[in-house]
Amino acid sequence: MTLIDGKKLSNKIEDEISKEVESLKPKGIVPGLAVILVGDDPASHTYVSMKEKSCKKVGFYSIVHKMPDTITQDEIIETIEMMNNNPRIDGILVQLPLPKHIDTTKILEVIDPKKDVDGFHPYNMGRLVEGLDAFAPCTPLGVMEMFKEYKIDLEGKDICVVGASNIVGKPMAALLLNANATVTVTHIYTKDLSSHTKKADIVIVGVGVPSLIKEDMVKDEAIVIDIGINKLESGKLVGDADFETLSKKCSYITPVPGGVGPMTIAMLLKNTLKAAQRRVK
Ligand code: GUN
């Protein structure tokens, strides 16, 4: 079994990004990321501070705009419009989830698609599905980067994506389809999950259910990519796959923590760098 080390790969990518940042300096360009964080969800605060720290590490300019959960939708929209017009900002990210009184779709559609480094705007989603150049959502993009690094060929492979969210499952399926894989997407209405996972060469799971994927649900030598991050009552972090038993059966597997998680942030930096490099042109 080979462990897919997301921490190591993300460090390598961040080093490459730092070098690119240095080469942009003489051109007067410092990549800039703006993050909007609404409310006091502890997980969102943790994610945003990790993103901020990574920006500093690679030499990006970054701002975090914190807003109370009593904020109105129009006030958020005004802030985004200001960021759209700010030439120092290359990427804009609205940390999700937003409070219930805010229409998330409306908010995401206000972000300039050229600054949509999270890849959540329908313009980028549409282009992604069409196989055109687009900002792709960072978590599925990080998974693709892992396949590339570990030379895992996707062409013609049977891949089961467990979970059909807009952030993970749907863009993951589009990226895999663009790489010529045969993709099955399962979700909470799927009648018999294991009948699909058992047939797959690769299982990619991101649903937020601890140990949903068990050893008897995959074939011998399967590849398991675990996007889940769940905090147990004991405080332990676990994924959506039962790592202990699966690691004995799989050819490749990602750990949690230290797997897909760090790759998500590395891809956010990569997307922001890509947006900044367009300033040169
Ligand atoms: N909430 C959970 N995952 C994400 C993500 O990748 N981006 C944003 N903006 N919010 C999230």
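Structure: above.
For the structure given in this document, a descriptive report is provided here. (Residues numbered from 1 in each chain as written. Predicted model: local features only at pLDDT ≥ 70, side-chain atom pairs only at ≥ 80, totals over all residues. Heavy atoms only, no water.)

Where helix α6 (residues 138–149) meets helix α7 (residues 169–178), the axes come as close as 9 Å, and the angle between the chain directions of the two elements is 35°. Both α6 and α7 take part in a crossing whose hand is right-handed. Contacts between α6 and α7 pair Pro-140, Leu-141, Val-143, Met-144 and Phe-147 from the former with Pro-171, Met-172, Leu-175 and Leu-176 from the latter. (Axes fitted to C-alpha atoms, helices over the stretch in contact; angles between N-to-C directions. Helix = DSSP H or I, 4+ residues; strand = E, 2+ residues; numbered from the N terminus. Left-handed = near helix turned anticlockwise from the far one by under 90°. Contact = heavy atoms within 4.5 Å.)

A few words on the pattern of salt bridges. In the structure shown here, the tally under the stated rule is 10 salt bridges. Of the charged contacts in the structure, one is a salt bridge between Glu-14 and Lys-57, with a shortest N-O distance of 2.8 Å. Taken together, the residues span a long stretch of sequence, with Glu-14 in helix α1 (residues 6–24) and Lys-57 in helix α2 (residues 42–58) at a distance of 43 residues. A relative accessible area of 5% places Glu-14 in the buried class. The structure contains a network of salt bridges with shared partners spanning Asp-133, Lys-274 and Arg-278. (Salt bridge = Lys/Arg side-chain N within 4 Å of Asp/Glu carboxyl O. Buried < 20%, exposed > 50% of the residue type's maximum accessible area, 1.4 Å probe, protein only.)

Bringing the sheet that holds strand β2 (residues 32–38) into the picture now. If you trace the three strands from one edge of the open sheet to the other, you get β3-β2-β4, paired in parallel fashion. Every other strand in the sheet has two partners, leaving β3 (61–67) and β4 (91–94) as the edge strands with one partner each. Here the average twist between neighbouring strands, direction ignored, is 15°. Summarising the sheet, β2 and β4 pair through four bridges and their orientation is parallel. (Pairing = 2+ DSSP bridges.)

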